[in-house]
Each structure stands twice: as structure tokens, then as C-alpha cells.
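# Reading the structure
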Amino acid sequence: MAATEPRTDLRSLSALSDVGRALASGAELRASLERALEKLEQHRGIVRGAVFFVDEAAADIGVEAAVGIPAEGLRARYKIGEGVVGRVVQSGRPVVIPATAREPLVMNRAFQRRRSSTSDWSLVCVPILLDRKPAGAVAVDFPFSANRDYQSDAQFLSVVASMIAQLLRAQRTVETERSRLLAENSHLRQELEQRYDLSNIVGTSGPMRQVYEQIAQVAQTNTTVLIRGESGTGKELIAHAIHYNSPRAAKPFVKVACAALPETLIEAELFGYERGAFTGAQGRKQGRFDLAEGGTLFLDEIGELNLASQVKLLRVLQEREFERLGGTETIKVDVRLVVATNRDLEASIAEKQFREDLYYRLNVFSIFVPPLRDRKPDIMLLADHFLAKYARLHKRQIRRISTPAIDMLVSYHWPGNVRELENSMERAVLTCDGQVIHGHHLPPTLQTAEASGTVISTSLSDSVEQYEKDLIVDALKSARGNRAKAARLLGSTERIVGYKVRKYGIDPGRFRGGQMVAPLPQRWKSMVQ
Ligand SMILES: Nc1ncnc2c1ncn2[C@@H]1O[C@H](COP(=O)(O)OP(=O)(O)OP(=O)(O)O)[C@@H](O)[C@H]1O
Ligand SMILES: [Mg+2]
């Protein structure tokens, strides 16, 4: 007996390694399990066998993979605690039934054994433990043999069960990670959609309302949109809004900054290339057109595109197909095009810098975003919006903008448009040490006579006077025009405050009606609905 033991062990080992290989084959879980059971047929002489998994949702047990059992057996289900399999899962301990025909616990539901007077089977069933909890069971039938070593069969099968458990753990980790990534992805997408929701575009002025109407008209279609307007007017924001309000919202929004790419790279970026298309093209690369499939391609600063690329772009627009650089395969695309420029395209055409035919293709539906100086009513809405945004971001408690600062903001001509206003407000939030934004928190460009429309020299005494005036106006505002109270707030006397009020020509009566509050930002959506 002792002499045969090492041989048995060796055989077990080679069987186990075969089972392990079957499980690690990388195939689909069920196929791997079936292959492993087939190895048990080959090496251990089982006549039938099955791997059972607990179905947490249904609180029962079903067959995941099997060999040697008829189709109706595959549909068998056990309650936890029911039959041999149910007991093994419930207790987490192996069960061995030497002769199945004589054992009432054997339900024969999955294995569907044919009873006969001449043959019987021995059933060995072991649990699959995942984090010490039963996640299923492996059950196999051997032909009945009086002197079978059930102990070693159960041990062997337990090793197989732990290999299956490992596979299951790896699969579940991948599954969890996958669903986490999916959840994260949909969360990020939602965030993006919210960010580019029309209601996040601030402004209720007439020209902006016209822009919103145009976005609403065109978003639902596949029409190419040309967005025009000076730098910093919000063209990119509008391109996003078109995409996220279109039926393509769930598909990619891909941006190409035409001006940022060197002429030689634009085509490779747009259309991709095949391996070896040019020196350094080591593999195939997808172009932005490919990446935007089903979604929207945003060509920013289209006016900077070189003439050769313009020809290629024109062809895509006409035929909706293109070839990669160095490639022969023609690729069909379903992409919606939105383009933007701050250039005078008509002038570029006259200078032969922009193709006229491309211009007509792009200029199907154009949206003109007006400069900020032409929509004065929006300036304070935007200033409040950015104040709230940056106060939150930099964790500052800033409540309002002082009246002189409001005057400066409204009378400035904003050559850099909304972007300049946004930067000015961020700077003001960062330099502001109290709860109110004053004129001196705004950038120097706004302090000049030309910019603000008021003659203010930058001499020290004038600046100090301006500051003093701001402080007094604020104190009067808080004190609702009451000079004595304002004086207390400033740690001064009523006499001095009275004198300064006259000196600066401030009218305290202006503040009696109550605290003046900056207009509430009204969102376009609430206005339209
Ligand atoms: N109506 C608006 N409401 C809120 N934020 C805006 C609005 N318009 C512009 N902005 C903000 O101003 C900044 C500049 O806007 P955007 O980048 O869209 O301008 P642009 O027209 O594309 O400028 P450029 O031509 O220089 O590329 C962005 O941070 C944008 O979020
Ligand atoms: Mg832009």
C-alpha cells in the first residue's frame, strides 16, 4: 500500500494541474468549468458531475456547468438546505453518499440517474467557499465500488473547488471594477451634461435670447453649425450646449483646436494614419473623425485651417467618408460637425486664405455670439455668476459687489469679452479681503478713465479718495442711509462722515429704501418655460 501512495499522489497532481489549466484557459466561465469537469472524467473516472452556484437574488442554487447529465437536469434548482447540494451549501461541509440508490436525502433532481438493480453510484459533493462563505458546490458521481477511498476523493474535489473559488473571485473583482467604472463614467457624463446644460449659459439680454433660440432650433438636427464671434464670447460653451442638447448627447464630443496644431499634423489628427504612412508613424492611429463616430466633432478656430486640409475636409463634408493617411480603405463616418471661428471668413476668402466652397458647406446654419459690450444687461448677471463660482472655489465669504465697482464693470468695453470678465472676477475674489468687492479689487485696465468712463487718475491721493468713497457708500448701504450708524460702522464720527458725504457728493437718501441687492441671475430656462 505504502509503495503505491506516491504513484497515486503523482496522478492526483497531474490531474489537478490539468484541471487548473482548464480553469485558467481564459475562456468564458461556464466553458472553463465544463472543461475542468471533463478533466475529472478523464483522470478520476467520474460518470457525471456539476458545478452549482448560489443565486443570491433568488436565494437558491442552480447548475452552472455539467458533464454527463441530461438537459432537464441542467434546469434543476435547490433551495438552500434542500437535498445533498442544498445541505453542502448550507453547512459549508462536504457530504459523501457511498450508495445513492439507498439514500433518501438524494433528490436526483440535477443528476437524473436511471435506477437499475445492477449498478449504483457514489456521490461526493464539496462546497465552493468564497471568503469562507459557500458560493456553490461541486458534485460528482463515481461508479459504486465497495473499497473506494472516499476521503481522498473528497479531498481532491475540495482542491478543485478552491481553484474554482479563486477563478470566481477574480471574475467578481473584474466585474465589480467594471461596474464601478461604468457608474463613474455615467456620473461624469451626467456632470458634463449638466455643465453644458443651456441653463448654465448665463445671460438674458436680447441678443443672447436669440442665440438660445438658435441653439434650440438646430440642436435636434444633424446640420453643420458655424459659430462666429469675437474671442472669449462663449463659442465653445455654445458648441457644447448644441452637442449635449442633441440626440447625440450620449456619444462623444471631440474637439480639434485647428490653430494649436502645426499644419503638418492636422490631417493626421483629423483622419488618422496607417502604420508607415510617414516617418515616425509606427502604428495605426485613429483620427478625430473616427473617435467622434456617432457624436459631434468640434473644429475650433476653423479659420486657421490650411488650404490643403480644407480640401480634405470639404470632401468629408460632401461624401461623409475619408481615408487614413497612407491608407486605401475608405472609412464612412456619421459625425455632426460644429465649427467656430473669430475670423472674418469673408475677408479670408477675398485673400484666398479660405476656400469659398468650404465656406458655403460650413455656413449652413450660423450662430453669431455678440460681444459682451453689446449685451450690457448680461454683464452683472455674469459678474455675479463668476463671483459665486470663484467664491465657492476659493472658499471666500463674499456677499456682493460695491456700487462703484458695478459702475466700473458695466461701463468697461470688455475687449476680451466674457473670458476677460471671468478672469477679472476671479482676480477680485482672490484680492478681496472682506465681504464686498470694491473698485480697487478690479484689474488696472478697468481703473483707467478710458475704460471706466470716469476720469480717475492713478495718483495715490485719488486712489485713497476712491477707496474712502467706496467704504462710506458701503457703510451707508448697510446702515440704510443712517449717517450716525454708518459712522459707528466705520469707527468714525457722524461729523466726519457728514463732511465726506458732502465732499464726495454721495446721496444717503439713495440707501433708505433698504439694502440694495444685485440683480438675481435669472436663467434662460426658467424664463422660457
Ligand atoms: N454666457 C456665458 N455664461 C457663462 N459662462 C460663459 C458664458 N460665455 C462664456 N463663458 C465663459 O467664458 C470663458 C470663455 O468662453 P469660450 O471659451 O467659450 O469662448 P470662445 O468664444 O471659444 O473664445 P475663443 O475664440 O478665444 O476660443 C469660458 O470659461 C466660458 O465658460
Ligand atoms: Mg474657443
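Residues numbered from 1 in each chain as written. Chains lettered and ligands numbered in written order. Predicted model: local features only at pLDDT ≥ 70, side-chain atom pairs only at ≥ 80, totals over all residues. Heavy atoms only, no water.

One finds Leu33, Leu40, Phe53, Ile128 and Ile164 to be the most contacted residues of the largest nonpolar core, which totals 32 residues. If you list the elements that add at least two residues to this core, you get helix H1 (5-23), helix H2 (29-44), strand E1 (48-55), strand E2 (60-67), strand E5 (121-130), strand E6 (133-143) and helix H5 (150-195). The element that contributes the greatest number of residues to this core is H5, accounting for nine residues. Excluding residues that lie within four positions of it along the chain, leucine 40 makes contacts with Val19, Gly45, Ile46, Val140, Phe156, Leu157 and Val160. Grouped together as the second largest cluster of nonpolar side chains are 30 residues, Cys258, Val316, Val339 and Leu362 included. (Core = buried A, V, L, I, M, F, W, Y, C linked by side-chain atoms within 4.5 Å. Buried < 20%, exposed > 50% of the residue type's maximum accessible area, 1.4 Å probe, protein only. Helix = DSSP H or I, 4+ residues; strand = E, 2+ residues; numbered from the N terminus. Contact = heavy atoms within 4.5 Å.)

Turning our attention to a negative patch on the surface. A surface patch of like charges, here negative, comprises Glu28, Glu34, Glu38 and Glu41. Among the structural elements, glutamate 34 can be located in helix H2. (Patch = residues over 30% accessible without salt bridge, like charges linked within 9 Å, V, L, I, M, F, W, Y side chains within 5 Å. Areas by Shrake-Rupley, 256 points an atom, 1.4 Å probe, with all protein chains shown as cover. Salt bridge = Lys/Arg side-chain N within 4 Å of Asp/Glu carboxyl O. Lys, Arg positive; Asp, Glu negative; His and termini not counted. Charge placed at Lys NZ, Arg CZ, Asp CG, Glu CD.)

Considering all chains together, one arrives at eight aromatic pairs under this definition. When the centroid spacing of 5.8 Å and the interplanar angle of 45° are considered together, the rings of phenylalanine 289 and phenylalanine 322 count as tilted. In this pair, phenylalanine 289 is assigned in helix H9 (residues 288-291) and phenylalanine 322 in strand E12 (residues 321-323), connecting sequence segments 33 residues apart. Residue class for phenylalanine 289 comes out buried when judged on its relative accessible area of 2%. (Phe/Tyr/Trp six-rings, centres within 6.5 Å; stacked < 30°, edge-to-face > 60°.)

On the surface, a cluster of nonpolar side chains totalling about 340 Å² of accessible area is made up of Tyr467, Leu471, Leu489 and Leu490. Mapped onto the elements, leucine 471 comes out in helix H18 (residues 460-478). On the basis of relative accessible area, leucine 471 is assigned to the partly exposed category, the value being 32%.

Close to ligand 1 lie 17 residues; Val202, Ser231, Gly232, Lys235 and Glu422 are nearest. Valine 202 is positioned such that a nitrogen or oxygen atom in its backbone is 2.9 Å from a nitrogen atom of ligand 1. Note that an oxygen atom of ligand 1 is positioned 2.8 Å from one of the backbone N or O atoms of glycine 232. Across the complex, the protein chains shield 85% of the 640 Å² of accessible surface that ligand 1 would expose by itself. Every element with two or more residues in the shell around ligand 1 is listed here: helix H7 (235-244), helix H13 (376-393) and helix H15 (417-431). (Near = heavy atom within 4 Å. Polar contact = N/O pair within 3.5 Å; in protein donor to acceptor, adjacent residues only side chain to side chain.)

A separate point is the pairing of E5. By the criterion of burial, E5 is predominantly enclosed, with nine of the 10 residues buried. Strand direction decides the pairing type here: E5 and E6, joined by 10 bridges, are antiparallel. Looking across to E6, one finds that valine 124 is bridged to valine 140. Between the antiparallel neighbours E5 and E6 lie two residues, among them aspartate 131 with a positive phi of about 50°. (Pairing = 2+ DSSP bridges.)

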